[in-house]
Amino acid sequence: MITITINNKEIRLERPVTVLEAAKANGIKIPHFCHHGILEQWGGCRMCLVEVEKMPRLQTACTLFVTDGMVVMTESETISNARRSVLEFILINHPLDCPVCDKAGECKLQDYVMQYGPTAGRFKEPKIRHPEGLNDPLIVRNQERCIMCTRCVRMCSGIQGASAIAVTNRGNHSSMEPFSGERFDCEYCGNCLTVCPVGAIMSRLHRYSYRSWQVTDEIQTVCPFCGVGCTMIAQVRDNALMRVVPKLGLGSNKGLLCNRGRFGYEYVGSGERLKNPLIKKNGKLQPASWEEALDTVASRLKDIKNSSGGNAIAGIAGARCTNEDNYAFQKLIRGLGSNNIDSIARMGFAGGQRIFEGMLGPGVTSTPLSGIADSDAVLVVGGDPSEVNPVLGVHIRMAFKKGAKVITIGHAPGLGRHRTAGLLPHPQADGVVMGGLISAILKDKKSLPGGNRPLEEKITVMHLPSADDAAAACKLSAEDIGRLAKQLAGASSVSIVVGREAGGNKDTAMLVSVLSYILNARIYLMSERPNEQGLVDMGCLPDMLPGGRPLAEEGLRKKCGASWGIDIPADEGLTLMEMIQAASSGGIKAMYVMGENPAFNLPDTKNTEEALRRLDFLVVQDIFMTETARMADVVLPALSWIEKDGTYTNAERKIQRLKKAISITGMEDWKIVAEVGKRIGLKMPYGKAADIMKEIARVSPLHAGLTYADIEGGDNLWPYKGEPHKNWFSFPELSADAFTSPAEEGLCLMLEKPLFHSGTLSRKSPALNSISPEAVLRLSPATASGLNLKDGDFAKVSTEKGSLSLKVKIDRGIDGPAAFVSNNFEGRGLFSLTGYRLDPVTKSPLTEGRQISIEKE
Amino acid sequence: MEFKKIIKTIFFTEILKGMALTFKSMLSPAVTRQYPEEKHPAMPGFRGLHALVVDPATGKEKCIACGLCAAICPSQCIYIYSTEGPDNKKFAERYEIELTRCIYCAFCVEACPVGAIVLTEHYEYTDYSREALYMTKEKLMANWNKYMAGPKGEEYFKKFWHPTADDYRAYDGQPMFRKREG
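Residues numbered from 1 in each chain as written. Chains lettered and ligands numbered in written order. Predicted model: local features only at pLDDT ≥ 70, side-chain atom pairs only at ≥ 80, totals over all residues. Heavy atoms only, no water.

Engineer: Report on the overall build of chain A, specifying residues and quantitative values.
Structural biologist: Per the secondary structure count, chain A includes 30 helices and 36 strands. In terms of overall size, chain A behaves like a compact globule, its C-alpha atoms giving a radius of gyration of 28 Å where 857 residues would be expected to give roughly 29 Å. Along the three orthogonal principal directions, the C-alpha set of chain A runs to about 90 × 65 × 60 Å. Split into buried and exposed, the 857 residues of chain A put 63% on the buried side. Restricting the contact set of chain A to residue pairs at least 6 apart, pairs at least 24 apart contribute 72%. (Helix = DSSP H or I, 4+ residues; strand = E, 2+ residues; numbered from the N terminus. Rg over C-alpha atoms; globule rule 2.2 N^0.38 Å. Buried < 20%, exposed > 50% of the residue type's maximum accessible area, 1.4 Å probe, protein only. Contact = heavy atoms within 4.5 Å.)

Engineer: Kindly report on the overall build of chain B, identifying the contributing residues and their values.
Structural biologist: For chain B, the count of helices and strands is seven helices and seven strands. Along the chain direction, N to C, the helices and strands of chain B fall in the order α-α-β-α-β-β-α-β-β-α-α-α-β-β. Counting over 182 residues, chain B shows a buried share of 31%. A sequence separation of at least 24 residues applies to 66% of the contacts in chain B between residues at least 6 apart. Of the roughly 12200 Å² of accessible surface on chain B, a fraction of 60% belongs to carbon and sulfur atoms. (Areas by Shrake-Rupley, 256 points an atom, 1.4 Å probe, with all protein chains shown as cover.)

Engineer: For the packing of helix 7 (residues 290-308) of chain A against helix 25 (residues 669-680) of chain A, give the residues involved together with the corresponding values.
Structural biologist: Residue and element names in this part refer to chain A. Orientation of helix 7 relative to helix 25, taken along the N-to-C sense of each, is 55°, at an axis distance of 9 Å. Overall, the two elements helix 7 and helix 25 adopt an arrangement that is oblique. Crossing handedness for the pair helix 7 and helix 25: right-handed. Where helix 7 abuts helix 25, its residues W290, E291, L294, D295, V297, A298, L301 and K302 lie against I672, E675, V676, R679 and I680. (Axes fitted to C-alpha atoms, helices over the stretch in contact; angles between N-to-C directions. Parallel < 35°, antiparallel > 145°, perpendicular 65-115°, else oblique. Left-handed = near helix turned anticlockwise from the far one by under 90°.)

Engineer: How would you sum up the pairing of strand 31 (residues 794-798) of chain A? Please name residues and give values.
Structural biologist: Residues and elements named next belong to chain A. In terms of strand pairing, strand 31 meets strand 32 (residues 803-810) through five bridges, oriented antiparallel. Opposite A795, over in strand 32, you have L806 as the bridge partner. Linking strand 31 back to strand 32 in an antiparallel pair, the connection comprises four residues. When strand 31 meets strand 36 (residues 853-856), the two strands line up antiparallel, connected through four bridges. Directly across from V797, in strand 36, lies its bridge partner I854. (Pairing = 2+ DSSP bridges.)

Engineer: Now, about the domain arrangement of chain A: what can you tell me, with residues and values included?
Structural biologist: Assigned domains of chain A: these are domain 1 (2-75), domain 2 (123-269), domain 3 (278-305 + 312-336 + 540-712), domain 4 (349-438 + 447-468 + 477-525) and domain 5 (748-856). Averaged C-alpha coordinates put domain 1 of chain A and domain 4 of chain A at centres separated by 42 Å. (Domains from an automatic or database assignment.)

Engineer: Could you give an account of the sheet that holds strand 11 (residues 231-237) of chain A, with specific residues and numbers?
Structural biologist: All names here are of chain A. Overall, antiparallel pairing links the three strands, which are arranged 10-11-12 in an open sheet. Each having just a single partner strand, strand 10 (217-222) and strand 12 (240-245) make up the two edges of the open sheet. Averaged over all pairs of adjacent strands, the angle between their axes in this sheet comes to 30°, without regard to strand direction. By the bridge criterion, five bridges tie strand 11 to strand 12 in an arrangement that is antiparallel. Paired with V236 across the strands is L241, a residue of strand 12.

Engineer: Please give an account of the nonpolar core that cites residues and values.
Structural biologist: Counting 243 residues, the largest nonpolar core has Y592 and W641 of chain A as its most contacted members. Here the element with the most residues in this core is helix 18 (residues 506-519) of chain A; it accounts for nine residues. With residues up to four places along the chain from it excluded, the contact list for W641 of chain A reads T221, V222, C223, P224, M232, L241, V244, Y265, Y267, V268, Y648 and L658 of chain A. Counting residues in hydrophobic clusters, the runner-up holds 34 residues, among them L52, C102, L140 and W144 of chain B. (Core = buried A, V, L, I, M, F, W, Y, C linked by side-chain atoms within 4.5 Å.)

Engineer: Any chance you could break down the sheet that holds strand 3 (residues 90-98) of chain B for me, citing the residues and the numbers?
Structural biologist: All names here are of chain B. Taken together, three strands build an open sheet; the order of strands is 2-3-5 and the sheet is antiparallel. Two strands close off the open sheet at either side, each with one partner strand: strand 2 (78-84) and strand 5 (134-135). Here strand 3 runs beside strand 5; their pairing, made up of two bridges, is antiparallel. Note that in strand 5 the partner of E98 across the bridge is Y134. Those strands touched by helix 5 (residues 137-148) are strand 3 and strand 5, and its axis lies near 85° from that of strand 3.

Engineer: So what's going on with the interface of chain B and chain A? Residues and values would help.
Structural biologist: Taken residue by residue, the interface counts 24 residues in chain B and 28 residues in chain A. Regarding the contact of chain B and chain A, the summed buried area is about 2200 Å², with carbon and sulfur atoms giving 54% of it. Scanning the region where chain B abuts chain A turns up two salt bridges. One salt bridge connects R204 of chain A with E84 of chain B, and the closest N-O pair in it is separated by 3.6 Å. If you list the elements that add at least two residues to the side of chain B that touches chain A, you get helix 3 (68-72), strand 2 and strand 7 (174-175) of chain B. Taken together, the residues that form the side of chain B that touches chain A break down as 13 nonpolar, five polar and six charged. (Buried area = accessible area lost by both parts, 1.4 Å probe. Salt bridge = Lys/Arg side-chain N within 4 Å of Asp/Glu carboxyl O. Nonpolar A, V, L, I, M, F, W, Y, C, P; charged D, E, K, R; others polar.)

Engineer: A description of the pattern of salt bridges should follow, citing residues and the corresponding values.
Structural biologist: Residues and elements named next belong to chain A. Overall, the coordinates contain 59 salt bridges over all chains when judged by the stated rule. One salt bridge in this structure joins D444 and K486, with 3.9 Å as the shortest N-O distance. Residue D444 is located in helix 13 (residues 430-445), and its partner K486 is located in helix 16 (residues 478-490); the two are separated by 42 residues in the primary sequence. Bridged by salt links that share partners, the residues E291, D295, E675, K678 and R679 form one connected network.

Engineer: Kindly report on the packing of aromatic side chains, identifying the contributing residues and their values.
Structural biologist: Residue and element names in this part refer to chain A. Enumeration over the complete set of coordinates arrives at nine aromatic pairs over all chains. Consider the rings of F33 and Y112, whose centres lie 5.3 Å apart with planes at 70°: the pair is edge-to-face. Of this pair, F33 sits in the loop between helix 1 (19-25) and strand 3 (49-52) while Y112 sits in helix 3 (residues 108-116); the two residues are 79 residues apart in sequence, bridging distant segments of the chain. Neither F33 nor Y112 differs from the other in exposure class; each is buried. Seen in terms of ring centroids, Y188 and F756 are 5.8 Å apart; in terms of plane orientation they differ by 70°. Their pairing is edge-to-face. Residue Y188 is located in the loop between strand 8 (175-178) and helix 5 (191-195), and its partner F756 is located in the loop between strand 29 (748-752) and helix 28 (760-763); the two are separated by 568 residues in the primary sequence. F756 carries the same exposure label as Y188, and that label is buried. Here R763 stacks its cationic end above the ring of F600, 4.6 Å away from the centre of that ring. (Phe/Tyr/Trp six-rings, centres within 6.5 Å; stacked < 30°, edge-to-face > 60°. Lys NZ or Arg CZ within 6 Å of the ring centre and 35° of its normal.)

Engineer: Outline helix 1 (residues 2-11) of chain B, listing residues and values.
Structural biologist: Buried residues are scarce in helix 1 of chain B, accounting for zero of its ten residues. Once helix 1 of chain B finishes, F12 of chain B follows within two positions and takes phi at roughly 50°, a positive value.

Engineer: Quick rundown of the environment of G504 of chain A? Include the residues and the values.
Structural biologist: Residues and elements named next belong to chain A. Within the fold, G504 resides in helix 17 (residues 500-504). On the basis of relative accessible area, G504 is assigned to the buried category, the value being 1%. Setting aside its immediate chain neighbours within four residues, G504 contacts G348, D839, T842, S844 and L846.

Engineer: Requested: an account of the side chain of D384 of chain A, with residues and values cited.
Structural biologist: Residue and element names in this part refer to chain A. If you trace the backbone, D384 turns up in the loop between strand 17 (377-381) and helix 11 (385-388). This buried residue, D384, is left without a salt bridge; R397 holds the nearest opposite charge, at 6.5 Å. In this structure the side chain of D384 is engaged in a polar contact, spanning 2.9 Å, whose partner is the side chain of S386. A polar atom in the side chain of D384 sits 2.7 Å from the backbone nitrogen of G414. Dropping the residues within four chain positions of it, D384 is found in contact with H411, A412, P413, G414, L415 and M526. (Lys, Arg positive; Asp, Glu negative; His and termini not counted. Polar contact = N/O pair within 3.5 Å; in protein donor to acceptor, adjacent residues only side chain to side chain.)

Engineer: Describe a nonpolar patch on the surface, and please don't skip the residues or the numbers.
Structural biologist: Residues and elements named next belong to chain B. On the surface, F12, I15, M19, F23, M26 and L27 cluster together into a nonpolar patch covering about 710 Å² of accessible area. Along the chain, the position of F12 falls in the loop between helix 1 and helix 2 (13-27). What makes F12 exposed here is its relative accessible area of 53%. (Patch = residues over 30% accessible without salt bridge, like charges linked within 9 Å, V, L, I, M, F, W, Y side chains within 5 Å.)

Okay, here's the thing in structure tokens:
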């Protein structure tokens, strides 16, 4: 125990912290510029000078650690004089343009000058001038205002790991510049904007549009872009969203955001938003009244149910919609007598989680994000976390900086500079490498941990390839595999980060479970959409009821059905891709799509579109006119994330509150669904989102008794206040070819998950489009020169399924013979080029037909 | 006491005193102004109808849309919506004052760092509709041209409100941190 005295107040501390932190924790404010809670200490601004007894000179509180018996004074005549001088020096070159500076009102310099400020400057020479950096579409730099606290640089290199900016020049002439010149060429996370204490680096999105004190409301909500579920504050002025900002220490993101979250919000105010319900008349979608549209949907669905049975109806739930929306939606579909309900979570998330839970126990993916940064080793399989879940990626980079071993299997260019080793087998041969790793680890550990008997029995009969065999099959070095296995086996705390591709493939998912078991590792399942976990928990699965209860258990099914006042059919429904197949063969006649765009987001676009066209009746509920909505018979406009109340469940299985910040006319997804439900004769008496939460808390054993107050009060971690489903161990069989690497050679087509885009929403965001405006074909320099292609050339990419003409972009982050195409831009998606096969267990579509030919145009 | 009271009662001294004042006033000139026909000249610094200062050099408003007038306004009747202009400078897209709520305290004039808003000496603007008493940017700039253009406007700032930015003016328009001279 350390006892110190600050301003005559005795403070007891458990461990040595800096004077600044000790003071802050006890409500004593010490002014500072360069110190920031998540950045490393620097001690450069000299604003936090304090007097310490028995020390001859003033000390910087941010770098001075407390010692027992220390006596500190934070305010005195001497200190004020010193601080005033610091401010006077800063103001030699800092312009006095507060009236137009967007930072005014939340500017630290402004506040401190008001507090200590000199009334006059004694410096006679003219100020150094820098023209404003207006060449970047998102970030505007005003280097006249910079006070050289280097917070942005320390954020960029120390936390974000992008190292895109640095201080250039010396002395008076120093300024913060991106390495790429006037325009940024970085991850556009914008975390430098958060930490800038003055107005030197600011967002261009809301430039000059409001002053900080004109904000009428600040609402804490959750980011609508990916499954990390970053907490953010939405600032609203007069019912218009001005900007979103993170808050230090709040949520899993701890004050960080990525480019999508920070700059992507403008889609809310897009002019392309759907406003009126549309009904197809004479082959054209025409505006209709809500009454007419809802009546049409209800009566057509009832007709189809009566004529072809409930099984002819299918529903695709939305991973962008809240838990409340999805709960109401699955109730509607089940109320129509069908279990054909699935969602985009089928693309790898739901299946992977099922296998992990089946092999390791329930709730195995409920792991707090902060655990990654504290790991000794991180293994990344099946995706690039710094592009899919950027903030999760930052946590891995932080772990690497702390000395953790980071190993990636497959392409992960975002971790290129932050990994110990990157193994790059054939995209379909992740399993071989993992098999090799497992057998090498087992050789190293000599015995299995014991504890999970059935799993251990399974491991013994797995026919794992030896490290040498695996290395040979994947053209890697056996030594590498051996060394990495040693590193993993030696680590005391391991995290495994699993992407969609690895989760969807049952073999990889099983091997991940085995690795997790033998290394006692935490599993982090990447989630590309904000509420994939919510879809699973709310029962938007063909074989699951809310709360993760299997449909097959009769007692639970009856109980659930009784509380809804319906008979839930006992047969399991069709999964996502099976629904599409059934639609094309005529088995499914009507489909209700909520907040999803299957015509674009599902593989084999052409056939999917064809199947949707064959439907007798298609209802699409969305906020934009998507490819699917254009084919629909009825289009229902919904509300966006900032316009509704509800909850999202993130990849950590944490339920977080979404709060309504702006109100526009229209109906929330759950309200539309409830209106349809009422017309069909279902009991859906919901007045507000909280009513649905009440029903969920009653019906779902996992969410038993959960209220919004609990969620906001921090009672939001799995298994909440309820009971998880137990006793459902299941061990699928490994496929016969799990450990064989495909022999095929040549260029391989890969799905790019771009950092700047995520699908329907990001497409309509002008800021994201300005930094990534079009679909490109990414090639490694070697591949491009082999094909005689240069940056900016157009190339025709052809597969068996079709061809696309794309602009070539040479990307030095890509290794090996791979061509990357994203699936984000209309008419130019990768899924129009590839086919798929269904995994027999997870039922996820696995990409097939990666062989491509590229011709210069 | 009794005697004095009796004298007062008998001789109506108080009435005579009153009548003396009446006769005196009758002979002095009248103070009542025949208002609509005869206008009252506003005193210097009178706080009447608002106007946005038009810069004679550019013909545009001087306002930089800092919002300090709206922030200080005790009755919160100033609405400013700013944006980035084509020259990347900040400007007020909408500058509106609700006259029916204004209390004519002139805090806005005092707060303005660049001397962009004034209260003119014009006071005759009653109307039957609220719309007519809702000032937009165009109306406010027209007010300046109508009531304050020329030397009158220049005089106004010299005499009354001294924009704070003038104290700090250094070189090529860049405000400088310097003590007020003199």
